[in-house]
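Notes for the structure review
The primary structure of each chain is shown beneath.
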Amino acid sequence: MIEALIISNVLLWIGLVASIVLLIGLARQIGLLHERSAPLGAMMTDKGPDVGDAAPAFTLKDQNERAVSIGGVQASGMDQLLLFVSPTCPMCEKLLPVAKSLVRDEKLRLVLISDGDPADHERYLKSHDLTGIPYVRSAEVGMRYQVGRVPHAVIIDGDGIIRSKGLVNTREHLESLVESRRTGHASIQAFLRSTGQMPTPKVEPEAQLLH
């Protein structure tokens with residue numbers, strides 16, 4: 001009877017120790033998963049003017065034939081959110097109400113920039129409420145910023161300096177550009193690395209560039 005009690009106690013202690021080891025391993029894996037799943041920001045591209053550069057300045061006409069100043073020093077002092085869209089882009093369609101909400105919350109001036117078939121633009125303007133939002137049709141602006149895909153966003157401060165930019169497919173992407181503008185870092189990933197919340201990616205020897 002005593003031997004059975006001793007054996008059962010030993011087995012209980014072994015189970016307890018095994019459970020503790022399992023919990024420690026699980027906690028470590030959860031920590032690694034959390035680290036790897038840090039918030040992803042807008043995908044920056046290495047084309048066109050860079051963050052910190054003076055934005056190309058334009059004065060163009062919007063859908064109501066009113067002059068719109070893009071880049072350069074803004075008389076209002078407001079930062080601009082340039083959103084490059086296409087009237088035939090489903091993702092742009094979903095992102096428009098998000099952008100409207102974001103600029104209201106963040107006190108930004110939204111400017112939509114597009115290009116393409118005039119008939120598509122006419123249909124787009126008739127089916128969307130763009131009251132107070134300039135809609136500029138210009139291939140030149142997209143070429144200067146070297147926008148290859150849409151939706152693409154650029155935030156320019158009131159002094160005409162690019163503060164953040166990138167491809168945006170979700171609200172989180174747009175918000176990451178606002179955070180980059182606020183923190184002064186080129187991207188949300190750069191900010192997380194600077195605060196130690198995201199490790200700097202290691203480059204394997206075989207992936208290094210040859211000189």
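Residues numbered from 1 in each chain as written. Predicted model: local features only at pLDDT ≥ 70, side-chain atom pairs only at ≥ 80, totals over all residues. Heavy atoms only, no water.

**A short note on the overall build of the chain**
- Within the chain, the secondary structure is distributed over 6 helices and 7 strands.
- Helices and strands in the chain line up, N terminus first, as α-β-β-β-α-β-α-β-α-β-β-α-α.
- The buried share among the 211 residues of the chain stands at 36%.
- Restricting to contacts in the chain with at least 6 residues of sequence separation, those with at least 24 account for 65%.
- Per element, the accessible surface of the chain, about 13100 Å² overall, is 60% carbon and sulfur. (Helix = DSSP H or I, 4+ residues; strand = E, 2+ residues; numbered from the N terminus. Buried < 20%, exposed > 50% of the residue type's maximum accessible area, 1.4 Å probe, protein only. Contact = heavy atoms within 4.5 Å. Areas by Shrake-Rupley, 256 points an atom, 1.4 Å probe, with all protein chains shown as cover.)

**Observations regarding the sheet that holds strand β6 (residues 152-156)**
- Taking strand neighbours across the sheet as the criterion, the 5 strands line up as β5-β4-β3-β6-β7 in an open arrangement whose pairing is mixed. Where the open sheet ends on each side, the last strands, each with one partner, are β5 (135-137) and β7 (162-167). Put simply, the sheet's adjacent strands are angled 20° from each other on average, direction ignored.
- In the sheet, strand β4 (residues 108-114) pairs with β5 via 3 bridges, with the strands oriented parallel. Within the sheet, the bridge partner assigned to leucine 112 lies in β5 and is tyrosine 135.
- Along the sheet, helix α2 (residues 90-106) makes contact with β3 (79-84) and β4, crossing β4 at roughly 155°.
- Sheet strands touched by helix α5 (residues 171-183): β3, β4, β6 and β7. Its angle to β7, the strand with the most contacts, is close to 160°. (Pairing = 2+ DSSP bridges. Axes fitted to C-alpha atoms, helices over the stretch in contact; angles between N-to-C directions.)

**Describing the nonpolar core**
- Formed by 24 residues in total, the largest nonpolar core has its most connected members in Leu81, Leu83, Leu110, Leu112 and Leu174.
- Looking at this core, the elements that each hand over two or more residues are β3, α2, β4, β6 and α5.
- If you tally residues by element for this core, the top one is α2, at 7 residues.
- Those residues in contact with leucine 110, other than ones at most four positions away along the chain, are Leu81, Leu83, Ala99, Lys100, Val103, Ile133 and Pro134.
- Membership of the second largest hydrophobic core comes to 15 residues, among which are Val141, Val154, Ile156 and Ile162. (Core = buried A, V, L, I, M, F, W, Y, C linked by side-chain atoms within 4.5 Å.)

**Description of the pairing of β6**
- The buried count for β6 comes to 5 of 5 residues, which makes it a mostly enclosed element.
- Going residue by residue along β6, you find His152, Val154 and Ile156 tucked away on one face and Ala153 and Ile155 tucked away on the opposite face as well.
- Bridge count between β3 and β6: 5 bridges; the pairing is antiparallel. From the neighbouring strand, leucine 83 faces β6, where its bridge partner is alanine 153.
- Hairpin connection of β6 to β7: 5 residues between the antiparallel strands, including glycine 160 at a positive phi of 85°.

**Some remarks on the layout of surface pockets**
- Each pocket or cavity is described by its volume, and for the largest pocket that value is around 180 Å³.
- Broken down by secondary-structure element, the contributors of at least two residues to the lining of the largest pocket are β4 and α4 (139-145).
- Across the lining of the largest pocket, the residue classes break down as 6 nonpolar, 5 polar and 2 charged. (1 Å grid on protein atoms, 1.4 Å probe; cavity = no way out; pocket = protein on both sides within 12 Å on 5 of 7 lines; lining within 4 Å. Points joined across faces, edges and corners; volume = space filled by probe spheres on them. Nonpolar A, V, L, I, M, F, W, Y, C, P; charged D, E, K, R; others polar.)

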